[in-house]
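A look at the structure
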Amino acid sequence: MLDSDFHRGRRLRMSPGVRAMVRENHVRPEDLVMPYFVVETDDSAFKKPIGSMPGQFQLSLSELEKQVGAAVKNGLASVLLFGIPKHKDEAGSQAYADEGIVQEAVRRLKDRFPELVVITDVCLCEYTSHGHCGIVHKGGEILNDPSVDLIARAALSHVRAGADMVAPSDMFDGRILAIRDTLDENGFAATPIMSYAVKYASAYYGPFREAAESTPKFGDRKTHQMDPANSREALREAAADLDEGADILMVKPGLPYLDIIRQLRDTFETPIAAYNVSGEYSMIKAAAANGWIDEQRVVMETLTSFKRAGADIILSYHTEDVLRWMNK
Ligand code: PBG
Ligand code: ZN
């Protein structure tokens, strides 16, 4: 016979009610941020499926408004906007054009959905003819300081259009400081920065680059994005961004870097965001389409893992689906 001198963990797992009562982590609608790709086009009905990201689309301004409207009804609290301009050039000038596509999208969404938290991705790679995140020197070197100046200009133009928060994704040095100074000098001291503080040079961004038409024409992003083998460096990047004025620290990608989320959580008091990136999304979609996994359960388990690792905020292409499931 067993005596009672051992842990009966099953006691708290015997019914759904008790399991719910002792559940430690929860994914809430207000934790979720849905990314959207908005295209500068004369075709107001433009809605183009992204082949490598089933269920995701490139959208015209009007289609974006429609889609966001439907999601807001389901409880969508926040969006992250990416723009795809008509014209690209060496300096990515449409990234900081006052009438650029993201700036217009911000105006449109804030006008229709004033409560929605509108965050913009700030980078040049969707706007440059070569697909790099900054200015490329003759020999092919991606320049830091001149790129940072333009990225700060882009951030300011987004905030002037009404963005609630900016999220610089470039990983150049000193850009948080430059953005903070620029925003402060222009009367936007109250606008927060969500820094892509720990962003790895990851193959998981592959599908995104099709969606955002931002694949570099030559070279790669390894001189600014981090080496996937490094974790001490992540703490250093996060500390630097906090010093420079970041309000929220993001880790990206999410799932392969849960250890990094946990290390940041244990080291800093700041809110932490996890970016469940395009490749993570597409792998689940592909396996689900083949009937190999239960999509809903795998998605919820994945998002819960970010919360368990210590993330407060989750940026995920699954957001619209999750909100629908939560409403059922
Ligand atoms: C742009 C940017 C990228 C992502 C977000 N902002 C791609 C990249 O760095 O090439 C990736 C998002 C995703 O894969 O879902 N700098
Ligand atoms: Zn970029």
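Heads up: these notes are all about the structure in this document. (Residues numbered from 1 in each chain as written. Chains lettered and ligands numbered in written order. Predicted model: local features only at pLDDT ≥ 70, side-chain atom pairs only at ≥ 80, totals over all residues. Heavy atoms only, no water.)

**Side note on the overall build of the protein chain**
Where we set the bar: Starting at the N terminus, helices and strands are each numbered in turn, a helix being any DSSP run of H or I of at least four residues and a strand any DSSP run of E of at least two. Here the globule rule reads 2.2 Å times residues to the power 0.38, and the radius of gyration is calculated from C-alpha atoms. Buried, partly exposed and exposed residues are distinguished by accessible area as a fraction of the type maximum, computed with a 1.4 Å probe on protein chains only: under 20%, between the cut-offs, and over 50%, respectively. All accessible areas in this document rest on Shrake-Rupley with a 1.4 Å probe, and a residue is counted as covered only by the protein chains that are shown. For the charge count, each Lys or Arg is scored as positive and each Asp or Glu as negative, with His and the chain ends excluded. A single reference atom marks each charge: NZ on Lys, CZ on Arg, CG on Asp, CD on Glu.
Per the secondary structure count, the protein chain includes eleven helices and ten strands. By the compact-globule yardstick of 20 Å for 328 residues, the protein chain fits well, its C-alpha radius of gyration being 20 Å. Considered along the principal axes of its C-alpha atoms, the protein chain spans approximately 80 × 45 × 40 Å. Scored against the burial criterion, the 328 residues of the protein chain give a buried share of 53%. When the accessible surface of the protein chain is totalled, it reaches about 15,200 Å², and 51% of it is carbon and sulfur. Side-chain charges of the protein chain comprise 38 positive and 48 negative groups, with the mean position of each set lying 7 Å from the other.

**Some points on the nonpolar core**
Counted only if it meets this: In plain words, nonpolar cores are sets of buried Ala, Val, Leu, Ile, Met, Phe, Trp, Tyr and Cys residues tied together by side-chain atoms within 4.5 Å. Should any heavy atoms of two residues lie within 4.5 Å, those residues are considered in contact.
Core analysis: the biggest nonpolar cluster contains 75 residues, and Tyr36 and Val198 have the highest contact counts within it. Excluding residues within four positions of it along the chain, Tyr36 makes contact with Leu59, Leu64, Gln67, Val68, Ala71, Leu76, Val79, Leu80, Leu81, Phe82 and Glu320. If you look at the next biggest cluster of nonpolar residues, it comprises 27 residues, including Phe37, Phe208, Tyr275 and Val277.

**As for the coordination of the zinc ion (ligand 2)**
What counts is decided by this rule: Only N, O and S atoms count as donors, using a 2.8 Å cut-off from the metal and 3.2 Å for Na, K and Ca, and because water is excluded some sites may appear unfinished. Only two sets of limits are used to name each site, 85 to 135 degrees for every angle of a tetrahedral four-donor site, and over 155 degrees for opposite donors with all other angles from 65 to 115 for a square planar four-donor or octahedral six-donor site, with any other site named irregular.
Each protein donor to the zinc ion (ligand 2) is listed here as Cys123 (SG), Cys125 (SG) and Cys133 (SG); together their distances run 2.2 to 2.3 Å. Because the angles between the four donor atoms bound to the zinc ion (ligand 2) fall within 94 to 125 degrees, the donor set is best described as tetrahedral. Read N to C, the donor residues that coordinate the zinc ion (ligand 2) are spaced as C-x1-C-x7-C.

**Regarding helix α4 (residues 145-161)**
Heads up, the rule is: Under the convention used throughout, the expected extent of a helix is 1.5 Å for every residue step, that is, one less than its residue count.
Taking 1.5 Å per residue, 17 residues should reach 24 Å; α4 reaches 25 Å between its end C-alpha atoms and fits that length. In terms of burial, α4 is a largely internal element, twelve of the 17 residues being buried. Remark: Gly162 follows α4 within two positions and exhibits a positive phi of approximately 120 degrees.

**Considerations on the site of ligand 1**
Applicable threshold: The nearness test applies per residue and asks whether one of its heavy atoms lies within 4 Å of the molecule or strand. Any pair of N or O atoms that falls within 3.5 Å is considered a polar contact. Within protein, one atom must be able to donate a hydrogen and the other to accept it, and sequence-neighbouring residues count only if both atoms are side-chain atoms.
Close to ligand 1 lie 19 residues; Lys199, Arg209, Lys252, Ser278 and Tyr317 are nearest. At 3.1 Å, a side-chain N or O of Ser169 approaches a nitrogen atom of ligand 1. In the environment of ligand 1, an oxygen atom lies 2.8 Å from a nitrogen or oxygen atom belonging to the side chain of Gln225. Considering ligand 1 on its own, with 400 Å² of exposed area, one finds that the protein chains cover 100% of that surface.

**Observations regarding a positive patch on the surface**
Where we set the bar: The patches reported here contain residues having more than 30% relative accessible area and no salt bridge. Joining distances are 9 Å for like charges and 5 Å for nonpolar side chains (Val, Leu, Ile, Met, Phe, Trp, Tyr). Think of a salt bridge as a Lys or Arg side-chain nitrogen and an Asp or Glu carboxyl oxygen that are within 4 Å of each other.
The grouping of Arg8, Arg10, Arg11 and Arg13 at the surface amounts to a positive patch. Tracing the backbone through its elements, the reader meets Arg10 in the segment before α1 (16-21). Taking relative accessible area as the criterion, Arg10 reaches 59% and is therefore assigned exposed.

**Quick notes on the pairing of strand β7 (residues 194-199)**
Here is the rule we go by: Two strands pair under a simple rule: DSSP has to find at least two bridges between them.
Most of β7 is tucked away: six of the six residues are buried. Across four bridges, β7 lies against strand β8 (residues 248-252) in parallel orientation. Across the sheet, Ser195 pairs through a bridge with Leu249, a residue of β8.

**What about the environment of Phe82?**
Tracing the backbone shows Phe82 in strand β4 (residues 78-84). On the accessibility criterion, Phe82 (2% relative accessible area) is buried. On a C-alpha basis, the gap between Phe82 and Glu126 in space is 8.1 Å, while along the polypeptide they are 44 residues apart. Those residues within four positions of Phe82 in sequence are excluded, and the remaining contacts are Pro35, Tyr36, Phe37, Val38, Val102, Asp121, Glu126, Tyr196, Phe208 and Tyr275.

**Re the pattern of salt bridges**
Tallied over the full model, the rule gives 19 salt bridges. Salt-bridge contacts for Lys307 lead to Asp31; the nearest nitrogen and oxygen are separated by 3.0 Å. Of the two residues, Lys307 is situated in helix α10 (residues 295-309) and Asp31 in the loop between α1 and β1 (32-39); the sequence distance between them amounts to 276 residues. There is no split in this pair, since Lys307 and Asp31 are both buried. Residue Asp111 is joined to Arg112 by a salt bridge in which the shortest nitrogen-to-oxygen separation is 2.5 Å. We classify Asp111 as exposed; its relative accessible area is 53%. Several salt bridges converge on common partners, so that one network encompasses Arg28, Glu30, Asp31 and Lys307.

**A few points about unusual backbone geometry**
Between Lys252 and the following residue, Pro253, the backbone shows a cis peptide bond with an omega angle of -10 degrees. Its place among the elements puts Pro253 in the loop between β8 and α8 (258-267). Of note, the phi angle at Met171 is positive, near 70 degrees, even though the residue is not glycine. Take Met171: it is sitting in the loop between β6 (165-168) and α5 (175-185). If you check the backbone angles, Glu213 has positive phi at about 50 degrees while not being a glycine. Note on placement: Glu213 falls in the loop between α6 (206-212) and α7 (232-244).

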